[in-house]
Amino acid sequence: MAVAACATRRAAAEPRCGRVRELLDGTLAAAERRARDVAPRVEIARDATVGEPVTALETASRTASLEVVGSRGLSAFGSLLLGSTSAHLAAHGRCPVLVVRGRRAPDGFALLAVDNAPASEEAVRFAFAEVSLRGGELVALHACRSGSPDSCDRPIHPS
């Protein structure tokens, strides 16, 4: 938001705007270096988008094949919670959303949570494909509303 504010202020704000742009460029360059260290053969493009993070990420999800976001919380309890951004994207994103919660444990697993919504079948296919690429374990959770006699009767499996 600071970049947008700089763009709308008079010339008196130019030195401060320059510092904001330098900080932004430095942050993006550091992120690009880390990404290249992890995946040197992956094509990387960097860009800065000005606006509310949730809105910008939801808009980007319309053309992305996958959005990867972090979780919130630094405490043991806080790390169990989704942040408002990741929760919003999981509900409203137009592509698969992967929420990263710390480093992958060697004996860790991926959790797939589905219900009987049509999008669940695509989530199942995506989860199986990702786990097979990584050689991991998949734990599936089928959620249904209690008290609804037919809400849990249809099995979901990859096609």
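Placed above this text is the structure.
A.B. asks: Before we go on, may I ask you to explain the overall build of the protein in this structure?
C.D. replies: Tallying secondary structure elements over the protein gives five helices and four strands in all. Mapped from its N terminus to its C terminus, the protein presents α and β elements in the order α-α-α-β-α-β-β-α-β. Counting over 159 residues, the protein shows a buried share of 14%. Put simply, 57% of the contacts in the protein that link residues at least 6 apart link residues at least 24 apart. Total accessible area on the protein stands at roughly 12,000 Å², and carbon and sulfur atoms take up 56% of it.

A.B. asks: Any chance you could explain a nonpolar patch on the surface here in plain terms?
C.D. replies: A surface patch of nonpolar side chains, amounting to about 280 Å² of accessible area, comprises Leu 66, Val 68, Leu 98 and Val 100. Here Val 68 lies in strand 1 (residues 67-70).

A.B. asks: Could you clarify how one ought to interpret the side chain of Ser 120 in this entry?
C.D. replies: Within the secondary structure, Ser 120 is located in helix 5 (residues 118-134). The exposure class assigned to Ser 120 is buried, which follows from its relative accessible area of 6%. A distance of 2.9 Å separates polar atoms of two side chains, one belonging to Ser 120 and the other to Asp 115.

A.B. asks: When you look at the pattern of salt bridges in this model, what are you seeing that I'm missing?
C.D. replies: A side chain with one charge can pair with a side chain of the opposite charge if their charged atoms come near. Under the definition given, this model contains three salt bridges. The partner of Arg 36 in a salt bridge is Glu 32, and the shortest N-O contact between them spans 2.6 Å. Remark: Glu 32 and Arg 36 occur in helix 2 (residues 14-38); sequence separation between them is four residues, near one turn of the helix. According to the relative accessible area criterion, Glu 32 is buried, its value standing at 17%. Salt bridges linked by common partners bring Glu 32, Arg 36 and Arg 46 together as one network.

A.B. asks: Explanation requested: the side chain of Glu 67 in the structure shown.
C.D. replies: Along the chain, Glu 67 falls in strand 1. Within the buried set, Glu 67 has no salt-bridge partner at all; the shortest N-O distance to an opposite charge, 9.6 Å, is to Arg 62. Apart from residues no more than four positions distant in its own chain, Glu 67 is found in contact with Leu 57, Ala 60, Ser 61, Leu 89, Cys 95, Pro 96, Val 97 and Leu 98.

A.B. asks: Would you take a moment to explain the packing of helix 3 (residues 53-60) against helix 4 (residues 84-92) for this structure?
C.D. replies: Each pair of packed helices gets described by two things: the angle between the helix axes and the distance between those axes. Interaxial distance between helix 3 and helix 4 falls to 10 Å at its minimum, and their mutual angle equals 30°. The angle between helix 3 and helix 4 places the two elements in the roughly parallel class. For the pair helix 3 and helix 4, the sense of crossing is right-handed. Residues Val 54, Leu 57 and Glu 58 of helix 3 touch helix 4, and the partners they reach there are Thr 85, His 88, Leu 89 and His 92. When its residues are assigned to classes, the contact of helix 3 with helix 4 shows three nonpolar, three polar and one charged.

What counts and what doesn't
Residues numbered from 1 in each chain as written. Predicted model: local features only at pLDDT ≥ 70, side-chain atom pairs only at ≥ 80, totals over all residues. Heavy atoms only, no water. Helix = DSSP H or I, 4+ residues; strand = E, 2+ residues; numbered from the N terminus. Buried < 20%, exposed > 50% of the residue type's maximum accessible area, 1.4 Å probe, protein only. Contact = heavy atoms within 4.5 Å. Areas by Shrake-Rupley, 256 points an atom, 1.4 Å probe, with all protein chains shown as cover. Patch = residues over 30% accessible without salt bridge, like charges linked within 9 Å, V, L, I, M, F, W, Y side chains within 5 Å. Salt bridge = Lys/Arg side-chain N within 4 Å of Asp/Glu carboxyl O. Polar contact = N/O pair within 3.5 Å; in protein donor to acceptor, adjacent residues only side chain to side chain. Lys, Arg positive; Asp, Glu negative; His and termini not counted. Axes fitted to C-alpha atoms, helices over the stretch in contact; angles between N-to-C directions. Parallel < 35°, antiparallel > 145°, perpendicular 65-115°, else oblique. Left-handed = near helix turned anticlockwise from the far one by under 90°. Nonpolar A, V, L, I, M, F, W, Y, C, P; charged D, E, K, R; others polar.

By themselves, these observations are geometric and do not establish any function.
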